[in-house]
Amino acid sequence: MSSPLSRRAFGGAAAGAAAVAAVGAAAPAHAAPAPAAAPAERPFRAARPRRHSRRPNILFILGDDLGWADLSSYGSPHIRTPHLDRLARDGVRFTDAYSGSATCSPTRFSLYTGRYPGRTKGGLAEPIADKSVGLEPTHPTLASLLRDSGYATALIGKWHCGYLPDYSPTKSGWDEFFGNFGGALEYYSKLGLGGEYDLYEGDAEYKDLRYYTRILTERASEYVGRDHEKPWLLNLNFTTPHWPWIADGDEEASAEIVRRIKAGDRSALWHQDGGSIEKYKEMVEDLDRSVGQVLKALKRSGQEQDTLVFFASDNGGERFSCNWPLAGNKGSLQEGGIRVPSVLRWPARIDGGQVSDLPVYTPDWTATLLELAGARPHPAYPLDGTSLAGHLLRGEDVPERDLFWRVRGERALRRGDWKYYRGKSGRDQLFHLSEDAREQADRAPFEQARLAELRAAWERVDAGLLRY
């Protein structure tokens, strides 16, 4: 199941060089000279049993629209992310990790419920853009199940699973919420796509016109630094580096976008006439510094050893991202739309300096965190993910299973190294990812039986989901 990409210790731009060599093509035009390679990683192995550790605190961090190769530890040739790279060196870096869907809110549904987005009405929106749907408060969530098992729970940052008055993190299991409800907001004014103000504490508006990433970093640092009486879950959902392409200090650009929003330009926040590779670099490096500040606060609190930290993107990158060598971007079920950087660290139980090419995706992390925390899924809402707890802690094999995705106009299923894909052309394709991560060599004409088998597997899952 290993791929040429994941067998290598590709720290820094050494990853990018290995990936380019694997597909025999030129590097992106904006590639920079390669820095010195990082220390070699070793394939993942569960650590020997250690001292008894308590149930972990859980710090689950999401970047927003971050591409697979936008971190230097994943091969970015020009973006420097030392704090996230250090997190990877201290834990496990996953090379074949995927988001639950190709856009923001369906992936969040898959994380919070541990189920395919298509099992809930709100998950059918790709992404949620109005107040008509959301995550029903009656549906059990990662937060509600952990809270019921004795955890304190908080969500800081982007929710994007429905709007007030019907939907809110505080209605779905989180004790505390500070952040935005919508899919995007202007970083200073906090105006959303419809010109609404979108920064809340609980269910009440909260006024703070500073740069949003700074505010979220402060709030998260304060939360992890508290003297908690019980284990805690913090979902820290940055909006960085999602459009608009506004970095800290870009107040003139912010003011122009705000002017357009107030003038009724509903496309202003998309910022399609702005941004650049360098501006995107600035935003990603700011995200990296912000994560570093939160991790520093965690270390100061004395809870670092017993806190499981997970970092990932909610889906693939767009516009200025580097997904190389993967094809496709956000919104697509090609690898570039769903394969995401993913790092896990838990010093008390898992050794650092490791890399894993195990295919995993968002619903797996829900199942894994519930098991590690001693919580059980609700029997009426069975999970679609597979817990990796036994694999991570005891080295147990993960049974081969299918990873399934469905979005409007596209379908995909991964089994082992094989991926079945049907894009908007309507043509069934088959790729062997360990040999062809870029999905350029369609094996369907030569593997008709395998294609039929994977297509039938996809259709069996799809038959049990809600219709669009």
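Quick caveat: nothing in here was measured; it's all calculated off a predicted structure.

A. Looking closely at the overall build of the protein chain. Each helix and strand counted, the protein chain has 12 helices and 17 strands in total. A compact globule built from 468 residues should have a C-alpha radius of gyration of about 23 Å, and the protein chain, at 21 Å, falls within 12% of that. Along the first, second and third principal axes, the C-alpha atoms of the protein chain reach 60 × 55 × 50 Å. Counting across all 468 residues of the protein chain, residues that qualify as buried make up 63%. Taking the intrachain contacts of the protein chain between residues at least 6 apart in sequence as the baseline, contacts between residues at least 24 apart amount to 71%. For the protein chain, the accessible surface area stands at approximately 17700 Å², while carbon and sulfur atoms represent 49% of it. Considering the protein chain, the positive charge centre built from 61 side chains and the negative charge centre built from 62 side chains are found 3 Å apart.

B. Highlighting the packing of aromatic side chains. Under the counting rule described, the total for this entry stands at 20 aromatic pairs. Both rings, one in F181 and one in Y200, keep their centres 5.0 Å apart while their planes meet at 85°; by these two values the pair is edge-to-face. In this pair, F181 sits in the loop between β6 (176-180) and β7 (200-201) while Y200 sits in strand β7, placing the two residues 19 residues apart along the sequence. A single burial state applies to F181 and to Y200, both of which are buried. With a centroid separation of 5.2 Å and an interplanar angle of 15°, the aromatic rings of Y187 and Y211 are classed as stacked. Here Y187 is found in the loop between β6 and β7, whereas its partner Y211 is found in the loop between β8 (204-205) and α6 (212-224), with 24 residues between them in sequence. Accessibility classification places Y187 together with Y211 in one group, the buried group.

C. Quick look at the sheet that holds strand β9 (residues 232-237). Judged by pairing direction, the sheet is mixed, and its 11 strands sit side by side in the order β1-β12-β3-β11-β10-β2-β9-β5-β6-β7-β8 without closing on themselves. For this open sheet the edge positions go to β1 (42-43) and β8, each flanked by a neighbour on one side alone. Looking at chain direction, strand β2 (residues 57-63) and strand β10 (residues 307-313) are connected through 7 bridges and run parallel. Along β10, the bridge assignment pairs L62 with A312.

D. Examining the pairing of strand β14 (residues 402-407) more closely. In terms of residue burial, β14 counts as a mostly covered element, since 5 of its 6 residues are buried. Alignment of β14 against strand β15 (residues 410-415), held across 6 bridges, turns out to be antiparallel. Directly across from D402, in β15, lies its bridge partner R415. Two successive antiparallel strands, β14 and β15, enclose a turn made up of 2 residues, where G409 displays a positive phi of approximately 85°.

E. Representation of helix α3 (residues 82-89) in the model. Every buried residue belonging to α3 is among L84, D85, L87 and A88, and all of these are buried. In an axial view of α3, the angular spread of the buried residues amounts to 155°, which keeps them on one side of the axis.

F. Structural context of the nonpolar core. By size, the foremost hydrophobic cluster in this structure holds 59 residues, and its most contacted members are L59, I61, W232, L234, L236, V291 and F311. Going through the elements one at a time, β2, α3, β5 (152-158), α6, β9, α7 (251-262), α8 (277-300) and β10 are the ones with two or more residues in this core. Here the element with the most residues in this core is α8; it accounts for 9 residues. Counting 49 residues, the second-largest nonpolar core is a separate cluster that includes F109, W174, L358 and A375.

G. Main features of the pattern of salt bridges. Applying the stated criterion across every chain yields a total of 44 salt bridges. A salt bridge links D306 to R54; the shortest N-O distance between them is 4.0 Å. Taken together, the residues D306 in the loop between α8 and β10 and R54 in the loop between β1 and β2 connect sequence positions 252 residues apart. In this structure, E396 engages R394 in a salt bridge whose closest nitrogen and oxygen atoms are separated by 2.9 Å. Ionic contacts of the salt-bridge type, sharing partners, join the residues D96, E335, R339, R414, D417, K419 and E439 into one network.

H. Focus on α6. In this model, α6 (13 residues) spans 19 Å end to end at C-alpha, consistent with the 18 Å of a helix rising 1.5 Å per residue. Across the 13 residues that make up α6, a large majority, 10, are buried. Within α6, burial applies to Y212, T213, R214, I215, L216, T217, A220, S221, Y223 and V224. In this fold, the buried residues of α6 make contact with β5, β6, β9 and α8.

I. Representation of the side chain of D85. Take D85: it is sitting in helix α3. Buried charge D85 goes without a salt bridge, the closest partner of opposite sign being R89 at 5.4 Å. Of the polar contacts made by the side chain of D85, one reaches the side chain of S72; its length is 2.3 Å. Excluding residues within four positions of it along the chain, D85 makes contact with L71, S72 and S73.

Here is what the cut-offs are and how they apply
- Residues numbered from 1 in each chain as written.
- Predicted model: local features only at pLDDT ≥ 70, side-chain atom pairs only at ≥ 80, totals over all residues.
- Heavy atoms only, no water.
- Helix = DSSP H or I, 4+ residues; strand = E, 2+ residues; numbered from the N terminus.
- Rg over C-alpha atoms; globule rule 2.2 N^0.38 Å.
- Buried < 20%, exposed > 50% of the residue type's maximum accessible area, 1.4 Å probe, protein only.
- Contact = heavy atoms within 4.5 Å.
- Areas by Shrake-Rupley, 256 points an atom, 1.4 Å probe, with all protein chains shown as cover.
- Lys, Arg positive; Asp, Glu negative; His and termini not counted.
- Charge placed at Lys NZ, Arg CZ, Asp CG, Glu CD.
- Phe/Tyr/Trp six-rings, centres within 6.5 Å; stacked < 30°, edge-to-face > 60°.
- Pairing = 2+ DSSP bridges.
- Arc of directions from axis to C-beta.
- Core = buried A, V, L, I, M, F, W, Y, C linked by side-chain atoms within 4.5 Å.
- Salt bridge = Lys/Arg side-chain N within 4 Å of Asp/Glu carboxyl O.
- Expected span 1.5 Å × (residues − 1).
- Polar contact = N/O pair within 3.5 Å; in protein donor to acceptor, adjacent residues only side chain to side chain.

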